[in-house]
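Spelled out from the first residue to the last, the chains are:
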Amino acid sequence: MNAYLTATAHAQDDPSDFWRQQARQLDWMRFPQRIFEQQSPEHYQWFADGQLNTCHLALDRHVLAGHGERLALIYDSPVSGQQRRLSYGQLLEQVARCAGMLRALGVEQGDRVVLYMPMIPEAVIAMLACARLGAVHSVVFGGFSAVELAVRIDDARPKVLLTASCGLEYERVVPYKPLVDQALERVAQAPARVVVLARPQAHAQLQAGRDVDWDALMASADAVPPVPVMSGDPLYVLHTSGTTGKPKGVVRDNGGHAVALNYSMQAVYDAQPGEVFWAASDIGWVVGHSYIVYGPLIRGCTTLLYEGKPVRTPDAGAFWRVIAEHRVNVFFTAPTAFRAIKREDPHGRLRQEHDLSCLKAVYVAGERLDPATYDWLRASLPCPVIDHWWQTETGWPVVSTPRIDAGYPVRSGSAGLPVPGYQLAVLDDQGDPVPPGEPGNIVLRLPLPPGVLNTLWQDRQRFLDSYLGTFPGYYLSGDGGYVDAQGYVFVMGRIDDVINVAGHRLSSGSLEQALGEHPAVAECAVVALDDALKGEVPVGFVVLKQDARVDPGQLEQELVQRVREQVGALASLRRVLVLKRLPKTRSGKILRKTIRSLARGPEVAVPATIEDVQVLDELRQLFAEQGFYGAGPG
Ligand code: COA
Ligand code: AMP
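Residues numbered from 1 in each chain as written. Chains lettered and ligands numbered in written order. Predicted model: local features only at pLDDT ≥ 70, side-chain atom pairs only at ≥ 80, totals over all residues. Heavy atoms only, no water.

Chemist: Explain the environment of Glu 536 to me, please; I cannot follow it from the model alone.
Modeler: Along the chain, Glu 536 turns up in strand 30 (residues 535-544). The exposure class of Glu 536 is buried, given its relative accessible area of 15%. Glu 536 sits 200 residues away from Thr 336 along the chain, and the two C-alpha atoms are 9.9 Å apart. With near-sequence residues (within four places) excluded, Glu 536 lies in contact with Ile 499, Asn 500, Val 501, Ala 502, Ala 528, Leu 529, Asp 531 and Arg 596. (Helix = DSSP H or I, 4+ residues; strand = E, 2+ residues; numbered from the N terminus. Buried < 20%, exposed > 50% of the residue type's maximum accessible area, 1.4 Å probe, protein only. Contact = heavy atoms within 4.5 Å.)

Chemist: What's the story with unusual backbone geometry in this structure? I'm lost.
Modeler: Across the chain, the bulk of peptide bonds are trans and the bulk of non-glycine residues have phi less than zero. In this structure, Pro 314 follows Thr 313 across a cis peptide bond, with omega equal to 0°. Within the secondary structure, Pro 314 sits in the loop between strand 17 (302-306) and helix 11 (318-325). Following Leu 446, the chain continues to Pro 447 via a peptide bond in cis, the omega torsion being -5°. By secondary structure assignment, the location of Pro 447 is in the loop between strand 24 (440-445) and helix 15 (460-468). Of note in this structure, Arg 157 is not a glycine but carries a positive phi near 50°.

Chemist: Even after reading the chapter, I still don't get the packing of helix 9 (residues 255-267) against helix 10 (residues 286-299), so can you show me in this structure?
Modeler: A pair of packed helices can be characterised by two numbers: the angle between their axes and the separation between those axes. In the contact formed by helix 9 and helix 10, the axes pass within 9 Å of each other and the chain directions differ by 85°. For the element pair helix 9 / helix 10, the angle class is roughly perpendicular. Taking contact as the criterion, the partners of His 257, Ala 258, Leu 261, Asn 262, Ser 264, Met 265 and Gln 266 in helix 9 are, on helix 10, Ser 290, Tyr 291, Tyr 294, Gly 295, Pro 296, Ile 298 and Arg 299. A breakdown of the residues in the contact of helix 9 with helix 10 according to their chemical character gives seven nonpolar, six polar and one charged. (Axes fitted to C-alpha atoms, helices over the stretch in contact; angles between N-to-C directions. Parallel < 35°, antiparallel > 145°, perpendicular 65-115°, else oblique. Nonpolar A, V, L, I, M, F, W, Y, C, P; charged D, E, K, R; others polar.)

Chemist: What am I meant to see in helix 3 (residues 54-67) here?
Modeler: Owing to its 3.6 residues per turn, the α-helix aligns residues three or four sequence positions apart on the same side. Roughly 40° is the biggest bend found in helix 3, and it falls at Asp 60. All buried positions along helix 3 are accounted for by Thr 54, Cys 55, His 56, Leu 57, Ala 58, Leu 59, Asp 60, Arg 61 and His 62. Here helix 3 starts with a cap whose side-chain oxygen sits 2.8 Å from the backbone nitrogen of Cys 55, and that cap is Asn 53. (Bend = angle between axes of the 7 residues up to and from the residue. Polar contact = N/O pair within 3.5 Å; in protein donor to acceptor, adjacent residues only side chain to side chain.)

Chemist: Teacher, can you tell me more about helix 19 (residues 614-625) here?
Modeler: Compared with the 16 Å implied by 1.5 Å per residue over 12 residues, the 17 Å span of helix 19 between its first and last C-alpha is a close match. Elements in contact with the buried residues of helix 19: strand 30, strand 31 (575-579) and helix 18 (592-600). Directly after helix 19, the chain includes Gly 627, whose backbone phi takes a positive value near 80°. (Expected span 1.5 Å × (residues − 1).)

Chemist: Honestly, the site of ligand 2 in this entry has me stumped. Any pointers?
Modeler: Around ligand 2, the surrounding shell holds 16 residues, and the nearest of these are Asp 387, Thr 392, Asp 479, Arg 494 and Arg 505. At a separation of 2.5 Å, an oxygen atom of ligand 2 approaches a polar side-chain atom of Asp 479. Within the side chain of Asn 500, one N or O atom sits 3.5 Å away from an oxygen atom of ligand 2. Starting from 500 Å² of accessible surface for ligand 2 in isolation, the protein chains cover 93%. Residues of the shell around ligand 2, tallied by class, amount to five nonpolar, five polar and six charged. (Near = heavy atom within 4 Å. Areas by Shrake-Rupley, 256 points an atom, 1.4 Å probe, with all protein chains shown as cover.)

As structure tokens, then:
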């Protein structure tokens, strides 16, 4: 049998033995005797009696093994003009003191710390410092508004919040502190202390008694050793968008996460200790957690932290420059980033200026790698281009093209095969498996492998209802797709109301909430429409109150601004269209999928449950007037 099938069979037939072998690669403080325990199909635990510290695995153990001089982190920031390099020894020293700083502020094991920070080394240092103390970090992406930040603070109830005076977006300085102040005015229980890192590009006003300066605290902080935690203790909470406006707090444990990431760094990414690994994402997303911070460091690689964009910082050659300059071996980003580069440099002239011979492979995730972008990349790059599929919930890849076996070529349009440890199936809406090639719901058979969530923060019932309730014995991914006769998985997109804008996951519910609060709006729907650059962009459809007297252009501007303030600039809502009524089912459910299909083309299957079929003609006419059937939604 080949290596991929052998590993898959081993993980399926004897999961305890398979994962025990993987766990042995790490330095536990107490190696687990109980590898896998199951009380019921939904209740199970990996490495229950194991004790470890994730920061120790990421830093101390490499230094103790004599690799203190090895480069741990390269910070490359075209937006600030800065570069920094930290060895494992230097990073450990900073992290141990940052942990001392947090402890001096009262943070102990199990306490939460919220980070609202840009892509700077201090953000990575702070995440690892929390892990060192056994505290639980909750990172909020910097592009989220004060309102979204407040929702996450209310859920996590942190003792301390860490921020910086600003983020840098192209030439624009985004002051973070006013957003933090606004968020703290809204929350039920504010953290006792706010630590602010002063960046030269913006001054932050500190509130006496609550806010403290990062550098001043760090100057007097003592280094502290790693705190042993149980394998199942939470390492972090990361909120992600569900179908409702209320985000889901995905909980990641320590032990399963470390074992799974270390395995994935080898089996999925083929990354060796000392190699340079660059995930061009953001620490606010799961890709940043897993493959900017924890995965590369646990594996002993050099991780690259990039504060910039694929284009305009300063040009579409930015990624190639970074890869060549820092000799990146494994690179990971979202397809949208390549579409942005391709749009500005279609013939790859800027790419030709750089020596990319260091690259072993390029990985993409966050959205489907469309065949046109795949073909362009294959023609531009000297290495394999690998699409792979996973989610915040899983924390590490579910489907990828195996690197442990040469027998599986990359297939354009497919995210590859299930990674050993996962048992993937495609079910119809009744829960029956569909034949190869037939589309359906992509699900994962329970139990899920180590590292994947097994609860939501303080809401296990929501976890059970959202993920395990639809098809007993399976985890519902929320994505639709099919598996072909050779076992390759084709992920075609969400089957729920989650929107994917430039690889960023948003819920239509939170955008609808922002639109629905406008005094002129009677009801609304937000639908993801196709976009050549961002994959999808949200478009709002509103029905006005009968007595509303508003100019449509003015209303659109107000609603766009409202979404920026309530959700954040990353939502990229640019268009709002006024309708007389929304297409609905007879039971009153908005037919978002029908709106979406109609925006793509005038011919759509009429849903059997539609309340009034004429509304489709009104919508068709509106789309035609707005140029949807010609040049696109502009
Ligand atoms: N802090 C503050 N604002 C932020 C931000 C942050 N961390 N990240 C994004 N924003 C703002 C941007 O400035 C922009 O504001 P604007 O509307 O005033 O211009 C808005 O949010 C949308 O940003 P973005 O999604 O980055 O779109 P863009 O048009 O500026 O750039 C791409 C388009 C494709 C270049 C960009 O989306 C990109 O690099 N995508 C990569 C995707 C990615 O890393 N995904 C992570 C999963 S792997
Ligand atoms: P997130 O939790 O933010 O990482 O988003 C996860 C979602 O992004 C998935 O449920 C998919 O809808 C989408 N996604 C991620 N990777 C891929 C991929 N390779 N192909 C298709 N969709 C993807």
